[in-house]
Amino acid sequence: QNKTNIMITYKRGIEKYSFYLSDGTRCNETQKVYYVYQGKSKIGFISNDRDLNTWYFYKNIDSEYLCGGLTLKEAKENLNKCISPNHFNAERVQKYFND
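All values reported here derive from a predicted model rather than from experimental measurement.

**Student:** Quick rundown of the sheet that holds strand β2 (residues 26-38)? Include the residues and the values.
**Tutor:** Overall, antiparallel pairing links the five strands, which are arranged β1-β2-β3-β4-β5 in an open sheet. The two strands at the open ends of the sheet, each matched to only one other strand, are β1 (8-20) and β5 (65-69). With strand direction ignored, the average angle separating the axes of adjacent strands in the sheet is 30°. Direction of pairing for strand β3 (residues 41-49) relative to strand β4 (residues 54-58): antiparallel, over a ladder of five bridges. Along β4, the bridge assignment pairs Ile46 with Phe57. Where helix α1 (residues 72-82) meets the sheet, it contacts β1, β2, β3, β4 and β5, and its direction lies at approximately 135° from that of β5.

**Student:** Got a sec to walk through the pairing of β4? Specific residues and values, please.
**Tutor:** The element β4 is largely enclosed, with a buried count of five among its five residues. Connecting the antiparallel pair β3 and β4 is a turn made up of four residues, with Asn53 showing a positive phi of about 50°. A loop of six residues connects β4 with β5, the two strands running antiparallel in sequence.

**Student:** Describe unusual backbone geometry, with residues and values.
**Tutor:** In terms of backbone geometry, most residues other than glycine have negative phi values and most peptide bonds are trans. Its identity is not glycine, yet Asn53 carries a phi of approximately 50°, on the positive side. Structurally, Asn53 is set in the loop between β3 and β4.

**Student:** Can you lay out the side chain of Lys59 for me, pointing to particular residues and giving the numbers?
**Tutor:** Mapped onto the secondary structure, Lys59 falls in the loop between β4 and β5. No salt bridge is formed by the buried Lys59; the nearest opposite charge belongs to Asp99, separated by 6.3 Å. Within the structure, the side chain of Lys59 is placed 2.5 Å from the backbone oxygen of Tyr96, a separation counted as a polar contact. Setting aside residues up to four positions removed in sequence, Lys59 forms contacts with Ile43, Gly44, Tyr96, Phe97 and Asp99.

The rules behind each value
- Residue positions within a chain follow its written sequence, with the count starting from 1.
- Where totals are concerned, whole chains, interfaces and linings use all residues; where local detail is concerned, this predicted model gives features only for residues with pLDDT of at least 70, and gives and counts side-chain atom pairs only at 80 or more.
- Excluding hydrogens and water, the side-chain values take into account all heavy atoms of the structure.
- Two strands qualify as a pair provided DSSP detects at least 2 bridges between them.
- Helix numbers and strand numbers start at the N terminus; a helix is a DSSP run of H or I with at least 4 residues, a strand a run of E with at least 2.
- A fitted line through C-alpha atoms represents every axis, and for helices the fit uses only the stretch in contact; the resulting angles, taken between N-to-C directions, go from 0 to 180 degrees.
- Note on definitions: a residue-residue contact is assigned when non-hydrogen atoms from the two residues lie within 4.5 Å.
- Note on exposure labels: buried denotes an accessible area under 20% of the residue type's maximum, exposed denotes more than 50%, and partly exposed covers the range between, all computed with a 1.4 Å probe on protein chains only.
- Counting rule applied: Lys, Arg positive; Asp, Glu negative; His and chain ends not counted.
- The salt bridge definition used is simple: a Lys or Arg side-chain nitrogen within 4 Å of an Asp or Glu carboxyl oxygen.
- As used in this structure description, the phrase polar contact means that two N or O atoms lie within 3.5 Å; if the pair is within protein, one of them must be able to donate a hydrogen and the other to accept it, and residues adjacent in sequence are counted only when both atoms belong to side chains.

Right, here's the structure in full:
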């Protein structure tokens, strides 16, 4: 068994966020997401972009996405590769989580 594999689990949830229209109107939205846990720590969530019909992982509601996929399964697989310590871009991934 490879000890670099960190147990990732998913739990359905709701992410709430607000944004403002150009006229200053505040809009509140809720979105069904899959929360991502590494061990017991929540590291972010995967949500579906209905306009692009793509799934993306975000560390929080204000972050850029880290990775994604055309399906939820593909997004989960890509996230597992991304956060692997021997990923080719591991330093940038670490910086994403630390910034």
